[in-house]
Amino acid sequence: MNVSGEARDDGPLAPPGLCALRGLNLSCIYVNGIEKPNGPNITLLNEDHFVLPTFSMAAKVRVAITCVLFVSSACFNVATLWTITHKYRKKSHIRILIMNLVAADLLITFVVMPLDAVWNVTIQWYAGDVACRILMFFKLVAMYSSAFVTVVISLDRRAAIINPLGIGDAKKKNKTMLSVAWSLSLLLATPQVSP
């Protein structure tokens, strides 16, 4: 591959205007008024210039922010879960929605945040392919479930505004929508565990 910017004698002649086409990643030169592709448009660093990634100041700041968010998220979500389960004994359909949202948020708190913090500290993955696939599966389940449960809550609130007297069907509809949300979260994350 020619990265020096000099003309290649072994390269094929390109049709006129080939290098001007968008979508082709070609570096072109003109030799005697003829347009010739000069190979892909890439930059290669010399081995003397290769720099290993380091635990930079930006990574340290990301880890510190992640730790603060981890502690606050864990405290607030556990407090919310405790309040919902101990103070509100009445099993309303809103209680079920909040418990599912807290469960999804706790998944993010205890899977995604520590995984990102450790990855920023270690800079590379040491745990092997199987652990990577499993943790990425749980990371995607956590992120999908949080988004999907939020959508279920939005749909429930919409139904409550449009049909305020249909509260009797809300519990059954919410359980169905929550089942679909968690099932979709698991289903959409399965490509992470397939070889």
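A.B. asks: Mind showing me how you'd approach the overall build of the chain here?
C.D. replies: What the chain contains, in helices and strands, is four helices and two strands. Counting from the amino terminus, the chain carries its helices and strands in the arrangement β-β-α-α-α-α. For the chain, with 195 residues in total, the buried portion stands at 25%. Across the chain, the fraction of contacts at a sequence separation of at least 24, relative to all contacts at a separation of at least 6, is 66%. Accessible area of the chain: about 13400 Å², with a carbon and sulfur share of 66%.

A.B. asks: I keep staring at the layout of surface pockets and nothing clicks. Help me out?
C.D. replies: Where empty space is left in the structure can be found by rolling a water-sized probe over the atoms. Of the pockets and cavities examined, the largest pocket occupies roughly 230 Å³. Around the largest pocket, the lining is made up of 15 residues, and of these Asp156, Ala159, Ala160, Gly166 and Ala170 lie nearest the centre. Put simply, the parts of the chain that give the lining of the largest pocket at least two residues each are helix H3 (129-162) and helix H4 (167-189). In terms of residue count, the dominant contributor to the lining of the largest pocket is H4 (six residues). Grouping the constituent residues of the lining of the largest pocket by class yields seven nonpolar, four polar and four charged.

A.B. asks: Even after reading the chapter, I still don't get the nonpolar core, so can you show me in this structure?
C.D. replies: Where a protein is soluble and globular, its nonpolar side chains tend to be buried together. If you look at the biggest cluster of nonpolar residues, it comprises five residues: Leu97, Val149, Val152, Leu178 and Ala181. Filtering out sequence-adjacent residues up to four positions away, leucine 178 remains in contact with Ile96, Leu97, Asn100, Val149 and Val152.

A.B. asks: What's the story with helix H2 (residues 93-122) in this structure? I'm lost.
C.D. replies: An α-helical segment advances 3.6 residues per turn. Residues three or four places apart therefore align on the same side. Given a rise of 1.5 Å per residue, 30 residues ought to cover 44 Å, and the 43 Å separating the end C-alpha atoms of H2 matches this to within 8%. The sharpest bend along H2 reaches about 25° and sits at threonine 109. One or two residues past the end of H2 sits isoleucine 123, with phi positive at roughly 70°.

A.B. asks: Help me out: how do you make sense of the packing of H3 against H4 in this one?
C.D. replies: Helix packing geometry: the angle between the two helix axes and the distance between the axes. It is the contact of H3 with H4, at a shortest axis distance of 8 Å, that shows an interaxial angle of 155°. As summarised for this structure, H3 and H4 are arranged roughly antiparallel, according to the angle between their axes. Considering how the two elements wind past one another, H3 and H4 form a crossing that is right-handed. Facing Phe137, Leu140, Val141, Tyr144, Ser145, Phe148, Val149, Val152, Leu155 and Asp156 of H3, the residues of H4 in contact are Ala170, Asn174, Met177, Leu178, Ala181, Trp182, Leu184, Ser185, Leu186, Leu188 and Ala189.

Analysis parameters
Residues numbered from 1 in each chain as written. Predicted model: local features only at pLDDT ≥ 70, side-chain atom pairs only at ≥ 80, totals over all residues. Heavy atoms only, no water. Helix = DSSP H or I, 4+ residues; strand = E, 2+ residues; numbered from the N terminus. Buried < 20%, exposed > 50% of the residue type's maximum accessible area, 1.4 Å probe, protein only. Contact = heavy atoms within 4.5 Å. Areas by Shrake-Rupley, 256 points an atom, 1.4 Å probe, with all protein chains shown as cover. 1 Å grid on protein atoms, 1.4 Å probe; cavity = no way out; pocket = protein on both sides within 12 Å on 5 of 7 lines; lining within 4 Å. Points joined across faces, edges and corners; volume = space filled by probe spheres on them. Nonpolar A, V, L, I, M, F, W, Y, C, P; charged D, E, K, R; others polar. Core = buried A, V, L, I, M, F, W, Y, C linked by side-chain atoms within 4.5 Å. Expected span 1.5 Å × (residues − 1). Bend = angle between axes of the 7 residues up to and from the residue. Axes fitted to C-alpha atoms, helices over the stretch in contact; angles between N-to-C directions. Parallel < 35°, antiparallel > 145°, perpendicular 65-115°, else oblique. Left-handed = near helix turned anticlockwise from the far one by under 90°.

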